[in-house]
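# Geometric and topological summary
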Amino acid sequence: MQNIRMNQRFALHAAFVAVSLCVLSACDPNRVFEKNIDFANNSWDVQQKPSFTFNIEDTTAVYDVHFNVRYASVYGYYNLYVKHSLTGPTGPVGQPGLHQMLLMDPKTGEPKGSGTGDIYDIQFLALPKRHFPKTGQYTLTLEQYMRQDQLPGLMAMGVRVNKHVEKK
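Residues numbered from 1 in each chain as written. Predicted model: local features only at pLDDT ≥ 70, side-chain atom pairs only at ≥ 80, totals over all residues. Heavy atoms only, no water.

This next bit is on the sheet that holds strand β1 (residues 31-38). Spatial strand order, β1-β12-β4-β9-β8: five strands in an open sheet with antiparallel pairing. Looking at which strands have only one partner, the edges of the open sheet turn out to be β1 and β8 (114-116). Adjacent strand axes in the sheet meet at a mean angle of 15 degrees, parallel and antiparallel pairs treated alike. Bridge count between strand β4 (residues 63-72) and strand β12 (residues 154-163): nine bridges; the pairing is antiparallel. From the neighbouring strand, Arg70 faces β12, where its bridge partner is Ala156. (Pairing = 2+ DSSP bridges. Helix = DSSP H or I, 4+ residues; strand = E, 2+ residues; numbered from the N terminus. Axes fitted to C-alpha atoms, helices over the stretch in contact; angles between N-to-C directions.)

Below you can see the structure in the form of structure tokens.
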């Protein structure tokens, strides 16, 4: 019974987030791409390497690439290590990178990001001010790098690419 309630809560939250993203994305002319991939059983398996393919049309623009993370408060760590690799129209672009993302405050254990109930969404600027040298399709692949085969409580990962806007 408790499992059914938890699944209903996850489904309700996912629907709320989807509607919110639809509304918010319509108001953001700088967004080039955004996609989130849900993990089965709300757990990121080390064998899962979500890939995100997006199209770059303007090589004169500068872009920011963000990682989106959806997690539950049952996630067992305060941080998440993710390795990325990027390929473009002519092959690999740059070196693979390793990112540490703080999902919870290391001292207090308080979850970071926005959330309802025990589910939280947070976005990290992973590749700031990125220049893409060629037009065409780019694929960003993510790998969990936590030395554990399963990461229960990680519900989804995503990528957002937007044109960089200088803060005034």
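Here the narrative resumes, following the displayed structure.
The biggest cluster of nonpolar side chains holds 35 residues, and the ones touching the most others in it are Val69, Leu80, Leu103 and Met157. Broken down by secondary-structure element, the contributors of at least two residues to this core are β3 (51-56), β4, β5 (79-88), β9 (119-130), β10 (136-144) and β12. Contacts of Val69, omitting those with residues within four sequence positions, involve Leu80, Met101, Leu103, Tyr120, Asp121, Ile122, Phe124, Leu154, Ala156 and Met157. (Core = buried A, V, L, I, M, F, W, Y, C linked by side-chain atoms within 4.5 Å. Buried < 20%, exposed > 50% of the residue type's maximum accessible area, 1.4 Å probe, protein only. Contact = heavy atoms within 4.5 Å.)

Take the environment of Pro96 next. Structurally, the position occupied by Pro96 is in the loop between β6 (91-92) and β7 (97-102). By relative accessible area, Pro96 is classed as partly exposed at 47%. Spatially, the C-alpha atom of Pro96 lies 4.5 Å from that of Ser85, the residues being eleven residues apart in sequence. Here Pro96 is in contact with Lys83 and His84, once residues within four sequence places are set aside.

Treat this as a map of the structure, not an account of what it does.
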